[in-house]
Amino acid sequence: MKKLFLLPIGLAMLTFAACSSDENIAMQAPDGTTAITFVSSVVQTRSANTSLQKVQIANGVEVGVFAKTSDGYISGGDNAKLTANGNGGFSGSKLYFPEDGSAVSVCAYAPYASDFTGKVDEDVTFTVAADQSSDAGYLKSDLLIGTPVSTNSFTKDNPVVALNFEHKLAKLTVKFTLSDDTDVDLSSATINILNTLPQTSLKVADGTIGDAAGTAVSIKAVTFNSSTTDFLASAVVVPQTVAAGDFVQVILSNKVLNAQLNSQATFESGKSYVYNVNVSGQGAEAKAAIVLSSTVSDWDVVDEELTGDVTEGELPEITYSPASFVALGSGQNATYDSGVYTWTGSTNNLMTILEFSAGELAGYKTLEVTTTDMEAGASWRMGYVLDGGSYTNFTGSPFYSAGTKTIDLKALAASGVDLSKVTKIQMGGNSGSGSIGILPGNVVLKGNGTSGGNDDNQGGSSDGETLTATFQTPGSNASYSAPTYTWTGSTSNLMTVFEFANGELANYSKLTFKFSNLVDGPVRMGYYVGSTFTEFGNGYYSAGTKEVDLTALGIDLATVTKIAFGGRSNSGSCDIVASDVVLSK
């Protein structure tokens, strides 16, 4: 079985040929203590359509390491954080053997999480990302456990610690084949994996994981673009048994196809599963046949065919991402290379980041752009082009700094701009020169993808007795990437979860909300009357399920325009999903 070899920490000039090397290399610190040298390998699961963490731990992935003697953790050995460089090496703090010569045992995991500190022998909750269409989301979900190749007792006389990393969750890959008789166009389709539970637990000490838990979610695997030729989508899921029913969702520009399993399927730890989806027929009559064809290691073909019907569903709120950056023409005062946009003049420097040929922008509500590492003293601008005409800055100040910026497209439409006639969204430098980091995956349109996308959203699904939340883009000091809400300041971090235009809250008596994995809390929840925000009760909530008696607030509920959720400390994060925020009568 193939393995991934990583350079020893702090020893970039020396390479180990294999994990079983007999060579011992002692690294002496200035005080004469001996550094622990780590060599690791990832057991390959032969993933079907991506090289991510197939032959090496990916660049930027952070690894947590525990190192203990019989008396407890060595100095710095409680969840030490190391970062992979993508070429087989790590950066991070060195760990040293105790001066008394005590033997050290080691274990590791990835991706790193501060929640594991002090809990090597405890079950710690792990949640896969709801959006795995980017490398970052996929790698955030690929849970690895690292254990020594042989004995787990190391001393300064034998400082090379060889770790094997194994994938602990399951991988699903969907491969689409279009028949000659179909008119279905997947070039802008979004592929979701439906009805899997997103949580489990990991005990690093022995590498065991718990049962699948949480509320079933939709995992976004990919959004295809016009250059796609191989229609493949992969996602990492928690090992579990999935009941018969909707399983693979294809979101097209004008409809949704839900491909079904006609019997339950079980996904096991460390295995990779491939589904073949054959699309044939015209328009709404298109059909998809699903076949479970292989498992990990030797990819033995499973004889049982899991075929199911295809039904049409409602268009959900989706994201239009990643952007397709259009190369700047020759002679322009700007360049784009490896994620960095650089300009050398304040004019003639526009770069197209989104293009529309059929009025698609009318189907979206907000545009969210995240940038990083802006050169000191620089600023940038962003705007739109109508019907191939001239460029216009978005309303408000076009002088942007680095960070996440959100453009309210509904407000732009209300100002008289016909979004269906927008052909391009562009960005450019606003100062004489400068540079900024920007990636296609960090340019996101949000909405339902239809011409009705700019209609006022009065909330999520309703069955008459209950109303489910619809999350909106949070304030400037916060971000939301399902299921994780993160805030970086104690103000300007509120996220609207319900919005009312006609006094609808007066129809309900109770608010119930649930959240988990709270880091550096607490959080707050409250309501708006006009532009004034008031917290429910004292506003300090810890993780768990909370109830608010709306009738006890002593206010006219018909005057409430919004209910919002936010951080109560200077920074922190928690996991919360819209389906767990509910109003009831």
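The coordinates are above.
What you are looking at is a predicted structure, and each value in this text was computed from that prediction instead of being measured.

Peer 1: Can you help me understand the packing of aromatic side chains in this one?
Peer 2: Aromatic ring pairs are reported here in terms of the distance separating the ring centres and the angle at which the planes meet. Summed over all chains, the structure comprises 20 aromatic pairs. Ring geometry for phenylalanine 471 versus tyrosine 480: centroids 5.1 Å apart, planes at 75°, classification edge-to-face. Classification of phenylalanine 471 as buried rests on a relative accessible area of 12%. With a relative accessible area of 18%, tyrosine 480 lands in the buried category. On the numbers, 5.9 Å between centres and 70° between planes, the contact of phenylalanine 515 with phenylalanine 565 is edge-to-face. In this pair, phenylalanine 515 sits in strand 40 (residues 510-519) while phenylalanine 565 sits in strand 44 (residues 560-567), placing the two residues 50 residues apart along the sequence. With relative accessibility at 0%, the residue phenylalanine 565 sits in the buried group.

Peer 1: I keep staring at the sheet that holds strand 27 (residues 340-343) and nothing clicks. Help me out?
Peer 2: The sheet built from three strands is open, its strands ordered 26-27-34 with antiparallel pairing. Each of the sheet's edge strands pairs with one partner strand only, and the pair in question is strand 26 (334-337) and strand 34 (434-437). Across the sheet, the axes of successive neighbouring strands diverge by a mean angle of 15°, strand direction being ignored. Across four bridges, strand 27 lies against strand 34 in antiparallel orientation. Looking at the pairing, valine 340 lines up with glycine 437 of strand 34.

Peer 1: Sorry if this is basic, but what is going on with the side chain of threonine 190 here?
Peer 2: Relative to the elements of secondary structure, threonine 190 occurs in strand 13 (residues 190-196). A distance of 2.9 Å separates the side chain of threonine 190 from the side chain of threonine 223, its partner in a polar contact.

Peer 1: Where do I start with the sheet that holds strand 39 (residues 495-499) in this structure?
Peer 2: Strand-to-strand pairing in sheets goes through backbone hydrogen bonds, with the strands running parallel or antiparallel. If you walk across this open sheet you meet the four strands as 39-44-41-42, and the pairing is antiparallel. Edge strands, defined here as strands with exactly one partner in the open sheet, are strand 39 and strand 42 (532-535). For this sheet the average axis-to-axis angle between neighbouring strands, irrespective of direction, equals 30°. The sheet contact formed by strand 41 (residues 523-529) and strand 42 spans four bridges and is antiparallel. Pairing of tyrosine 528 across the sheet is with phenylalanine 533, part of strand 42.

Peer 1: Would you take a moment to explain the nonpolar core for this structure?
Peer 2: A general tendency of soluble globular proteins is for nonpolar side chains to be buried together. Counting 69 residues, the largest nonpolar core has Phe176, Leu186, Ile191, Val204, Phe247 and Phe267 as its most contacted members. No other element matches strand 8 (residues 105-110), which puts five residues into this core. Setting aside anything within four residues of it in sequence, one finds phenylalanine 247 in contact with Leu172, Asn192, Ile193, Leu194, Val242, Ala259, Gln260, Leu261, Phe267 and Tyr275. Judged by nonpolar contacts, the second largest core, of 32 residues, contains Ala469, Met495, Ile563 and Val581.

Peer 1: What is the right way to look at unusual backbone geometry in this model?
Peer 2: Where the residue is not glycine, phi is negative for most of them; where a peptide bond is considered, it is trans in most cases. Looking along the chain, the bond that leaves alanine 110 and enters proline 111 is cis, with omega of 0°. Within the secondary structure, proline 111 sits in the loop between strand 8 and strand 9 (124-127). Despite not being glycine, asparagine 195 has its phi angle at roughly 65°, a positive value. Relative to the helices and strands, asparagine 195 is located in strand 13. Overall, the relative accessible area of 42% leaves asparagine 195 in the partly exposed class.

Peer 1: So what exactly am I meant to see when it comes to the environment of leucine 445 here?
Peer 2: With respect to the secondary-structure elements, leucine 445 resides in strand 35 (residues 443-447). Separated by 82 residues in sequence, leucine 445 and glycine 363 place their C-alpha atoms 9.3 Å apart.

Conventions used here
Residues numbered from 1 in each chain as written. Predicted model: local features only at pLDDT ≥ 70, side-chain atom pairs only at ≥ 80, totals over all residues. Heavy atoms only, no water. Phe/Tyr/Trp six-rings, centres within 6.5 Å; stacked < 30°, edge-to-face > 60°. Buried < 20%, exposed > 50% of the residue type's maximum accessible area, 1.4 Å probe, protein only. Helix = DSSP H or I, 4+ residues; strand = E, 2+ residues; numbered from the N terminus. Pairing = 2+ DSSP bridges. Axes fitted to C-alpha atoms, helices over the stretch in contact; angles between N-to-C directions. Polar contact = N/O pair within 3.5 Å; in protein donor to acceptor, adjacent residues only side chain to side chain. Core = buried A, V, L, I, M, F, W, Y, C linked by side-chain atoms within 4.5 Å. Contact = heavy atoms within 4.5 Å.

From the geometry alone we can't say anything about function, so treat these as descriptive.
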